[in-house]
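An overview of the molecular structure
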Amino acid sequence: MASATSRGTRTPTVAQLRAFAAVAEHRHFREAAAATGTSQPALSGAVAALEEALGAQLIERTTRKVIVTPLGERVAEHAHRVLGALQALTEEVEAARRPFTGPLHLGVIPTVAPYLLPTVLRLVRDRYPELELHVHEERTPSLLEGLAAGRLDVLLLALPAGGSAPTRDIPLYDEDFVLVTPPGHPLAGRIDAPRDVLLDLDVLLLEEGHCLRDQTLDICREVGADPAPASGRGYPHGSTTRAAGLSTLVQLVAGGLGVTLLPATALDVEAGRTDRLAAVRFAAPAPGRRIGLATRPGSARSAEYDRFAASLREVLAELPVRIVC
């Protein structure tokens, strides 16, 4: 039942909003009635009841067509948002009652997506056929914003996730970083290089916004390399030459512009495209990163995400990583 407000109007019902949204979309009562599966008189009555509840005219009725008033256009926009939110609510509840069904919006960082997605997609196809997976490849700040806003359900990224809003982090694996150089480089092929070799190298970086860029900077700073161009040390090319993705980064290395750090999961894909690259392994403990899932704390699907993480650990164990439980 519609409730009274301080202005004398009444709160619209869902049925009224749904009827009006259909009329605003089709601009025709008969077509709107067919689209919503209701009779034309019932649809017309619901729209009239909405106008009475709001105390405003939303449409102009003529013998040939329906004209939506300027206020009606704005009300239609609100109606679509409300109906969309209700649909999302029902999908959330249904997903909680029946795990691994319905839509799941997965955000993935660019330095993970090309190397893990084939494995992740196979897992979803084979084990969770009723799960409607939607993949969003974005940089970490955008992913965290999407998670906080509810646009994304779960993230696959480097941990800790960080960001201003709290997250529930679920670790999956640790992986080493590998130094990639031109084949004729003095370090090419070494398997025990100390971290301080970075002091005398031009380390190329990704653009700002990539967590891998920040991780590379942290590793260089740990050994005393200075990222400032004026220092004359560290990685002068890294201060001025930046790439949007790892594929471009390794091509710059192959062209002799410097060296770079790659996650172990990316090495075969990126370095295997050319014979103008060589890999350098660091002495233990090698620098690296932790990859995992991040979700909203208290999500109704938390148990589902835990099971999903357990399944991911099983299939990711075949990659050059160390599984973390």
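Here's a quick rundown of the structure. (Residues numbered from 1 in each chain as written. Predicted model: local features only at pLDDT ≥ 70, side-chain atom pairs only at ≥ 80, totals over all residues. Heavy atoms only, no water.)

All right, on to the packing of aromatic side chains then. This model, assessed by the stated rule, comprises two aromatic pairs. Between the aromatic rings of Tyr128 and Phe308, the centroid separation amounts to 6.2 Å while the plane-to-plane angle is 65 degrees, which identifies the pairing as edge-to-face. Of this pair, Tyr128 sits in the loop between helix H5 (113–127) and strand E4 (131–137) while Phe308 is found in helix H11 (residues 302–316), placing the two residues 180 residues apart along the sequence. The same class applies to Tyr128 as to Phe308, namely buried. Feature note: the residues Phe100, Tyr128 and Phe308 constitute an aromatic cluster, connected by ring pairs. (Phe/Tyr/Trp six-rings, centres within 6.5 Å; stacked < 30°, edge-to-face > 60°. Helix = DSSP H or I, 4+ residues; strand = E, 2+ residues; numbered from the N terminus. Buried < 20%, exposed > 50% of the residue type's maximum accessible area, 1.4 Å probe, protein only.)

Two elements in contact, H5 and H11, have axes separated by 10 Å at closest approach and are oriented at 120 degrees. In terms of axis orientation, H5 runs oblique to H11. Handedness of the crossing formed by H5 with H11: right-handed. Counted together, Leu116, Thr119, Val120, Leu123, Val124 and Arg127 of H5 and Phe308, Ser311, Leu312, Glu314, Val315 and Leu316 of H11 form the full contact between these two elements. Residue composition of the contact of H5 with H11, by class: eight nonpolar, two polar and two charged. (Axes fitted to C-alpha atoms, helices over the stretch in contact; angles between N-to-C directions. Parallel < 35°, antiparallel > 145°, perpendicular 65-115°, else oblique. Left-handed = near helix turned anticlockwise from the far one by under 90°. Contact = heavy atoms within 4.5 Å. Nonpolar A, V, L, I, M, F, W, Y, C, P; charged D, E, K, R; others polar.)

Below, the discussion takes up the pattern of salt bridges. Taken as a whole, this structure holds 14 salt bridges when the rule is applied. Across the pair Arg27 and Glu73 runs a salt bridge whose closest N-O atoms are separated by 2.6 Å. Of this pair, Arg27 sits in the loop between helix H1 (14–26) and helix H2 (29–36) while Glu73 is found in helix H4 (residues 70–97), placing the two residues 46 residues apart along the sequence. The exposure class assigned to Glu73 is partly exposed, which follows from its relative accessible area of 31%. Close ionic contact of Glu138 with Arg151 constitutes a salt bridge, the shortest N to O distance being 2.9 Å. Taken together, the positions of Glu138 in the loop between E4 and helix H6 (140–149) and Arg151 in the loop between H6 and strand E5 (154–159) put the pair 13 residues apart, joining distant regions of the chain. (Salt bridge = Lys/Arg side-chain N within 4 Å of Asp/Glu carboxyl O.)

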